[in-house]
Amino acid sequence: MIKRENLGSAVKNLRLIYSKAKKKNYKKNYKKNLLISKSSELLIKNEWLIKKKLIKKKILKKINMKINKKINYKNIFRPKDCSSLKKSDFDNFKNKDNKFWLNFPKLNDKDFKKGIKIWSKKSSYVVIKNPQFLAKEIIEVSQNKEIHEILNGYYSNCKFKLTFIKVIVSFANKIPPIDTQLFHNDFDSSRLIKVFIYLDDVLLLNNGPTQFVENSNVYKGKNYKKYEKLPMRIDDNLVKKKFKKNKIRSFIGNVGDALFLNTGMLHRGKKPKFNNRNVLILSYAIHDEVNSTQKFTLRK
């Protein structure tokens with residue numbers, strides 16, 4: 001369990017894990033003749049990269065159709081029951097730590113089994129576990145040639161692997177944003193790259209884009225000191241106050257566009273206002289994710 005007061009130790013530990021994995025996975029002749037592309041260089045420099053029209057719309061629309069058709073309580077993580085979460089309570093809830101969110105009440109069995117109509121009224125979002133079992137085309141997307149070329153450059157001379165796949169369905173309801181809909185850092189690797197691929201067009205801020213704060217990587221230098229007195233989930237006002245020199249960027253895009261992001265940076269999935277939003281998230285690293293509470297397997 002990561003706590004802000006132990007942040008320095010956690011960051012140093014994750015750096016050490018990465019360093020050991022790099023020595024273990026380093027191959028002197030691995031992709032020796034591979035030139036680092038401009039895209040890889042930008043990802044290395046900025047820790048984020050947007051690629052337009054990376055994946056064919058036809059494949060993603062097929063994935064989205066299958067996801068929407070097959071989603072049920074057996075293939076999602078049980079969502080939080082936010083039906084009693086009022087806006088007046090929000091200021092008290094948003095500053096809690098990870099333990100609070102992990103222990104936050106979940107939907108009871110009856111509501112859980114009723115399906116998405118009930119979830120969308122009582123939850124802020126749901127996470128589909130192992131969505132590749134619902135749409136096998138997701139594996140094809142995860143093996144996309146350009147994704148791998150970019151990551152080969154980013155993880156120079158190191159073997160990387162797919163560490164997690166999920167689809168998040170965010171609901172456009174009146175429940176306040178919680179958990180990953182607030183700005184946060186990931187603590188599963190000091191160089192974890194997540195590729196966010198929209199399954200719905202996200203052309204406006206009201207559509208719920210993925211957002212991130214430039215130059216906010218908790219693993220860079222002594223950046224972690226900026227976070228030691230902050231909550232694990234940070235709202236807009238606090239981000240603007242504490243990171244006023246850093247720019248908040250929004251990934252605005254169409255189905256098929258992709259965002260590569262080192263999620264050591266502050267990031268969130270902004271809550272959509274009018275329509276539900278589905279996003280496919282592929283995670284890559286050179287070692288297994290350290291603190292993830294969600295199990296991942298490519299096979300049933």
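Residues numbered from 1 in each chain as written. Predicted model: local features only at pLDDT ≥ 70, side-chain atom pairs only at ≥ 80, totals over all residues. Heavy atoms only, no water.

Trainee: Got a sec to walk through the sheet that holds strand E7 (residues 258–262)? Specific residues and values, please.
Mentor: With antiparallel pairing, six strands are arranged side by side in an open sheet as E1-E7-E4-E9-E3-E2. Each of the sheet's edge strands pairs with one partner strand only, and the pair in question is strand E1 (48–51) and strand E2 (125–129). Put simply, the sheet's adjacent strands are angled 20 degrees from each other on average, direction ignored. Summarising the sheet, strand E4 (residues 193–198) and E7 pair through five bridges and their orientation is antiparallel. Considered in E7, the bridge of Phe196 is made with Leu259. Seen against the sheet, helix H3 (residues 57–70) touches E2, strand E3 (161–170), E4 and strand E9 (277–285) and runs at an angle of roughly 110 degrees to E9. (Pairing = 2+ DSSP bridges. Helix = DSSP H or I, 4+ residues; strand = E, 2+ residues; numbered from the N terminus. Axes fitted to C-alpha atoms, helices over the stretch in contact; angles between N-to-C directions. Contact = heavy atoms within 4.5 Å.)

Trainee: I'd like a rundown of the packing of aromatic side chains, residues and numbers included.
Mentor: Tallied over the full model, the rule gives eight aromatic pairs. Each ring, one from Phe187 and one from Tyr219, has its centre 6.3 Å from the other, and the planes form 70 degrees; the classification is edge-to-face. On the criterion of sequence distance, the pair formed by Phe187 in the loop between E3 and E4 and Tyr219 in the loop between strand E5 (210–213) and helix H10 (236–242) is long-range, its members being 32 residues apart. What makes Phe187 buried here is its relative accessible area of 6%. Assessed through its relative accessible area of 7%, Tyr219 is described here as buried. (Phe/Tyr/Trp six-rings, centres within 6.5 Å; stacked < 30°, edge-to-face > 60°. Buried < 20%, exposed > 50% of the residue type's maximum accessible area, 1.4 Å probe, protein only.)

Trainee: If you had to explain the environment of Phe164 to someone new, which residues and values would you point to?
Mentor: Structurally, Phe164 can be placed in strand E3. Owing to a relative accessible area of 5%, Phe164 belongs among the buried residues under this scheme. On a C-alpha basis, the gap between Phe164 and Lys129 in space is 9.4 Å, while along the polypeptide they are 35 residues apart.

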